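Reading the structure
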Amino acid sequence: MSVKVPKAVYSERALAIAARTFSRRAEVFVEETKTHWVLTLEPRAKEALAALEGDFLNEALSQECRFLTAEFNETIASLQETQALLAARGGEAPAAPVKPDAALEKEAAALMAAVRKGGKS
Amino acid sequence: MSRLTDIPAGWVPDLKRLGAFNFRRMDGGWWLLTNEWGRYLMLEEGEFRLFVEGKLGDGDALSRRLGEAGFLRDRMDFGALAKGWLARTDFQRHQGPTLHEFVTTMRCNLACRYCHSSVVDPSRTDTDMSLETAKKAVDFAFSTPSPNLAIEFQGGEPLLNWPVVRFVTQYARRRAEREKRRLMVSMVSNFVLLSDEKLDFLLENFVALCTSLDGPAAVHDRVRPLLGGGPSQARVLELLCRVQKRAAGDGTKSYYKPGALMTTTRHSFPHAEAIIDLYAELGIGSVFVRKLSPIGYAKRVWGEIGYEPAEFAEFYERCLDRVLEHNRKGTLLVERWAFTCLTKVLRNTDPGYMDLRSPTGAVLGCLAYNSDGRIFSSDEGRMADHAGDPLFEVGRVDGTWAAVLDHPTTGALVHASTLDNQPMCDHCAYKPWCGLCPVYNYEAQGNIFGRVPESGWCRTYMGVFDVLMRKLRDPEARKVFDSWLAAEDGRVAVKEGK
């Protein structure tokens, strides 16, 4: 089944992500003219082709819409993402993680031995 | 959604005066307004029109309310509003995950129809976490920078790998004491194997206990039978009461009184009131009316036990109505989902619920340690692995926290769950309080970004928020909600010795 969609609406990137998302459901082949993408969808199992086409184009459109939103909000979104990742690291100069010292290792070994002695119950 | 095209025809917005805000027309003809500061207002249609068209007088009461809440561009009190924004997004500045979920074994002695954890037969001891891996997992958790850590035993059934539960509890307590870090340990168990000896150990070591109780036997036993068949509800109730009695009998342990969670299946629908009545009767103090997600075994049996988001919202409202009824009669019974959302709405603070964060709590707020030493972004990510897809693995217990943060999956999850990157969420009135789960999106719709307009996740949360907003307009319900938040304030004050 083939469908022609305008390049002005669907980017190659959105179609690629949609094809990957649909990879369990269908194989997607892409050809192009100057103004359109020509998509061929081959379902992996028997299903209604019209529904498959509709779902696939919804997915591509959703990706396209996401690009626009992410581009529009890039500054605030990047700020939040970076802030969250940086804070999770422990700030700009995170302290070195504390490693158990010899005394704690000894204690851990003793706890482990005691637990082993107690058996599974 | 908050697009100018959603404003009724004929209205002429005064764009120069309007601050940035999202809105939603609610059933009954009133409008909900929210903004990034975390403030909200409920306006009648006439009020909303006056606001949108900039026809409010400077001195009138509504104008003052809108100005104070940051909805009018020329009346922003940035100091106060920024304070609110910082409180609402506090989790974005947390130093690493606080919740560390330990999967001590994949084995389980129940055969729950919906088991999210996709567990295995009790004979499969090869799925147990070893003591060596457990030690490395504790060391990894303590290598993350948060001053507050919570270790939660999950499964499978954690009691089937008791040595690891004992060791992790004791070793983690020793480490926390030496490093002066606050540690909370908890266990989610079906209680069936809980002996007096084990209970003694757990209470002595301040391990908070939580079990699953789906309601009366007719509901619970239908979806949570013992492995090999047979009812489990009576045994769970007996043990729950025993644990309650023990915890209540000792003042030092009363904070650790057991909790219970219910999971909603299609079979729960006819029993909403009976489920809530059981929780009230048991004196547990709270009930969490949880939705089912199409993850793990639930995905395979979704046709039998799953449901549409609208069906869940209807069930949820019936449950909440019954909860409110019990409260009005003098029984303090908190519905946890409402409590979580209302903490955000009414207090503008983060209650620590990982699902309702932007970016999501996966990796940044929680990690799941599989029994084989692999680390996953969350428990849901681990379940996807159990179903054969290791996409959400972000490290190993012998690796480093920095490597987990630098893992490409971590970056992708953070990006995919930041609501400002999501088309519909960006315009949603519930955005200040909501969150997305990339694992859910992946499982339900094939990629971590999902398609929000069709997402069951989104429709479920929208449904719950709609119910809560309606209830907030009812003065009697509002009184009950305020009492829950006040009780929590008191509990926190006692815990912190204030």
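Details of the structure are given in the entry above.
Here we summarise the structure given alongside this text. (Residues numbered from 1 in each chain as written. Chains lettered and ligands numbered in written order. Predicted model: local features only at pLDDT ≥ 70, side-chain atom pairs only at ≥ 80, totals over all residues. Heavy atoms only, no water.)

1. Points about the overall build of chain B
Convention followed: Numbering goes from the N terminus for both helices and strands, where a helix is a DSSP run of H or I of at least four residues and a strand is a run of E of at least two. Computation of the radius of gyration draws on C-alpha atoms alone. For the globule rule, the value is 2.2 Å times the number of residues to the power 0.38. Residue exposure (1.4 Å probe, protein chains only): buried if accessible area is under 20% of the type maximum, exposed if over 50%, otherwise partly exposed. In these tables, accessible area is a Shrake-Rupley quantity obtained with a 1.4 Å probe, and a residue counts as shielded only by the protein chains included in the view. The charge count includes Lys and Arg as positive and Asp and Glu as negative, but it does not include His or the ends of the chains. To locate a charge, take NZ of a lysine, CZ of an arginine, CG of an aspartate or CD of a glutamate.
Within chain B, the regular secondary structure consists of 20 helices and 14 strands. For 498 residues, the compact-globule estimate of 2.2 N^0.38 gives 23 Å, and chain B sits close to it at 23 Å. Seen through its C-alpha atoms, chain B measures out along the principal axes to roughly 70 × 50 × 50 Å. Counting only residues that meet the buried cut, chain B has 62% of its 498 residues in that class. For chain B, the computed accessible surface area is about 18700 Å², with 53% contributed by carbon and sulfur atoms. When the 64 positive and 64 negative side-chain charges of chain B are each reduced to one mean point, those points stand 2 Å apart.

2. Quick look at the overall build of chain A
To keep it simple, the criterion reads: Residue contacts are defined here by distance: any two heavy atoms, one from each residue, within 4.5 Å place the two residues in contact.
Tallying secondary structure elements over chain A gives four helices and three strands in all. Ordering the α and β elements of chain A from the N terminus gives β-α-β-β-α-α-α. Against the globule reference of 14 Å for 121 residues, chain A gives a C-alpha radius of gyration of 26 Å, more extended than a compact globule. Expressed as lengths along the three principal axes of its C-alpha atoms, the size of chain A is roughly 70 × 45 × 20 Å. Across the 121 residues that make up chain A, the buried fraction comes to 35%. Long-range pairs, those at least 24 residues apart, make up 65% of the contacts in chain A between residues at least 6 apart in sequence. When the accessible surface of chain A is split by element, carbon and sulfur atoms take 58% of a total near 7500 Å². Each charge sign in chain A was given a centre, from 16 positive and 17 negative side chains, and these centres are 9 Å apart.

3. Overview of the packing of aromatic side chains
A ring pair, where both rings are aromatic, is described by two values, the distance of the centres and the angle of the planes. Rules: Only rings of Phe, Tyr and Trp enter the pairing, Trp through its six-membered ring, and a pair is recorded when the two centres are within 6.5 Å. The plane angle decides the type: under 30 degrees is stacked, over 60 is edge-to-face, the rest tilted. Whether a charge sits over a ring depends on NZ of Lys or CZ of Arg being within 6 Å of the ring centre and within 35 degrees of the ring normal.
Applying the stated rule across the entire model yields 34 aromatic pairs over all chains. An angle of 85° between the planes, with centres 5.5 Å apart, marks the rings of F22 of chain A and F56 of chain A as edge-to-face. Here F22 of chain A is found in the loop between α1 (12-21) and β2 (26-32), whereas its partner F56 of chain A is found in helix α2 (residues 49-72), with 34 residues between them in sequence. As far as burial versus exposure is concerned, F22 of chain A and F56 of chain A are alike and both buried. When the ring of W37 of chain B is compared with that of F78 of chain B, the centres are 6.0 Å apart and the planes differ by 70°; the resulting orientation is edge-to-face. Here the residue W37 of chain B occupies a position in the loop between β2 (31-34) and β3 (40-43), and F78 of chain B occupies one in helix α3 (residues 78-88), the gap between them amounting to 41 residues. Site record: aromatic cluster; members linked through ring pairs are F269, F288, W302, Y307, F312, F315, Y316, W337, Y353, Y440, W457 and Y461 of chain B. When the ring centre of W37 of chain A is taken as origin, the NZ or CZ atom of K7 of chain A, which lies over that ring, is 4.7 Å away. The ring of W30 of chain B carries R473 of chain B above its face, with NZ or CZ at 4.1 Å from the centroid.

4. Focus: α2 of chain A
Because an α-helix completes one turn every 3.6 residues, residues spaced three or four positions apart along the sequence face the same direction. Where we set the bar: Take the residue count of a helix, subtract one, and multiply by 1.5 Å to get its expected span.
Given a rise of 1.5 Å per residue, 24 residues ought to cover 34 Å, and the 35 Å separating the end C-alpha atoms of α2 of chain A matches this to within 8%. Every buried residue of α2 of chain A is accounted for by L52, F56, L57, E59, A60, S62, Q63, E64, R66, F67, T69 and A70 of chain A.

5. Observations regarding the packing of helix α5 (residues 162-179) of chain B against helix α6 (residues 196-204) of chain B
Residues and elements named next belong to chain B. Here is the rule: For every element, the axis is a line fit to its C-alpha atoms; helices are fit only across the contacting stretch, and the angle between N-to-C directions ranges from 0 to 180 degrees. Throughout, the term roughly parallel applies to angles under 35 degrees, roughly antiparallel to angles over 145, roughly perpendicular to angles from 65 to 115, and oblique to all others. Rotating anticlockwise by less than a right angle from the far helix to the near helix defines a left-handed crossing, while the corresponding clockwise rotation defines a right-handed one. Only Asp, Glu, Lys and Arg are considered charged in this grouping, and only Ala, Val, Leu, Ile, Met, Phe, Trp, Tyr, Cys and Pro are considered nonpolar; every other residue, Gly among them, is considered polar.
With their axes 11 Å apart at the nearest point, α5 and α6 run at an angle of 20° to one another. Classified by the angle their axes make, α5 and α6 are roughly parallel. Our pair here, α5 against α6, has a crossing hand that is left-handed. Contact residues: α5 offers W162, V165, R166, T169 and Q170, while α6 offers K198, F201 and L202. Classifying every residue of the contact of α5 with α6 gives four nonpolar, two polar and two charged.

6. Topic: the layout of surface pockets
Quick note on the threshold: Cavity means a closed set of points on a 1 Å grid over the protein atoms alone, one where a 1.4 Å probe fits but cannot get out, pocket means an open set with protein on both sides within 12 Å along at least 5 of 7 lines, and lining means a residue has an atom within 4 Å of a point. Grid points are joined across faces, edges and corners, and a volume is the space filled by probe spheres set on the points.
Considered as a void within the structure, the second largest pocket measures approximately 830 Å³ in volume. Together, 38 residues line the second largest pocket, and A20, F21, N22, E36 and K431 of chain B are the ones closest to its centre. Looking at the lining of the second largest pocket, the elements that each hand over two or more residues are α3 (74-89) of chain A together with β1 (22-25) and α3 of chain B. Of the residues contributing to the lining of the second largest pocket, the split by class is 17 nonpolar, 12 polar and nine charged.

7. Digging into the sheet that holds strand β6 (residues 182-188) of chain B
Residues and elements named next belong to chain B. Definition in use: When DSSP finds two or more bridges between two strands, those strands count as paired.
Within the open sheet, the nine strands sit side by side as β10-β8-β7-β6-β5-β4-β12-β13-β14. Their pairing is mixed. Because the sheet does not close on itself, it has two edges, and the strands there are β10 (289-290) and β14 (393-396). For strand β8 (residues 259-263) and β10, the ladder comprises two bridges, and the chain directions are parallel. Residue pairing across strands places M262 opposite V289, the latter belonging to β10.

8. Quick look at the interface of chain B and chain A
Keep this limit in mind: As a working definition, buried area equals the accessible area (1.4 Å probe) given up by two parts on being put together, with both sides summed. Salt bridges are counted wherever a side-chain nitrogen of Lys or Arg sits within 4 Å of a carboxyl oxygen of Asp or Glu. Between N or O atoms, a polar contact is any pair within 3.5 Å; within protein, one atom must be a potential hydrogen donor and the other a potential acceptor, and residues adjacent in sequence are included only when both atoms are from side chains.
Each side of the interface is counted separately: chain B has 49 residues, and chain A has 42 residues. Taken together, both faces of the contact between chain B and chain A bury some 4100 Å²; the carbon and sulfur share is 55%. It is Q92, R178 and R451 of chain B in chain B that bury the most area against chain A; as a group they hold 15% of the surface buried on that side. Remark: the boundary between chain B and chain A carries eight salt bridges. In this structure, R89 of chain A and D406 of chain B form a salt bridge, with 2.5 Å as the shortest nitrogen-oxygen distance. Inspection of the chain B/chain A interface yields 19 residue pairs in polar contact (both at pLDDT 80 or more). Of all the secondary structure elements, the ones that give two or more residues to the side of chain B that touches chain A are α4 (131-143), α5, α15 (401-406), α16 (408-416), α17 (423-426) and α18 (438-445) of chain B. The dominant element in the side of chain B that touches chain A, judged by the number of residues it contributes, is α5 of chain B, at 10 residues. Of the residues that constitute the side of chain B that touches chain A, the class distribution is 15 nonpolar, 17 polar and 17 charged.

9. Considerations on the nonpolar core
Proteins that are soluble and globular tend to have nonpolar side chains buried together. Residues and elements named next belong to chain B. The test is simple: Nonpolar core, defined: a set of buried Ala, Val, Leu, Ile, Met, Phe, Trp, Tyr and Cys residues in which side-chain atoms within 4.5 Å join the residues together. Residue ranges labeled as domains rest on an automatic or database domain assignment.
Core analysis: the largest hydrophobic core is formed by 142 residues, its most contacted members being Y316, Y369 and M469. Each of two domains, domain 1 (4-88) and domain 2 (95-380), supplies a minimum of three residues to this core. Grouped together as the second largest cluster of nonpolar side chains are 18 residues, L18, F48, F51 and L72 included.

10. Looking at the pairing of β8 of chain B
All names here are of chain B. For β8, a buried count of five out of five residues is recorded, marking the element as mostly surrounded by other parts of the structure. Side-chain alternation along β8 places G259, L261 and T263 on one buried face and A260 and M262 on a second face that is also buried. Pairing of strand β7 (residues 207-212) with β8 involves three bridges; the strand directions are parallel. Within β8, the residue paired with S212 across the bridge is L261.

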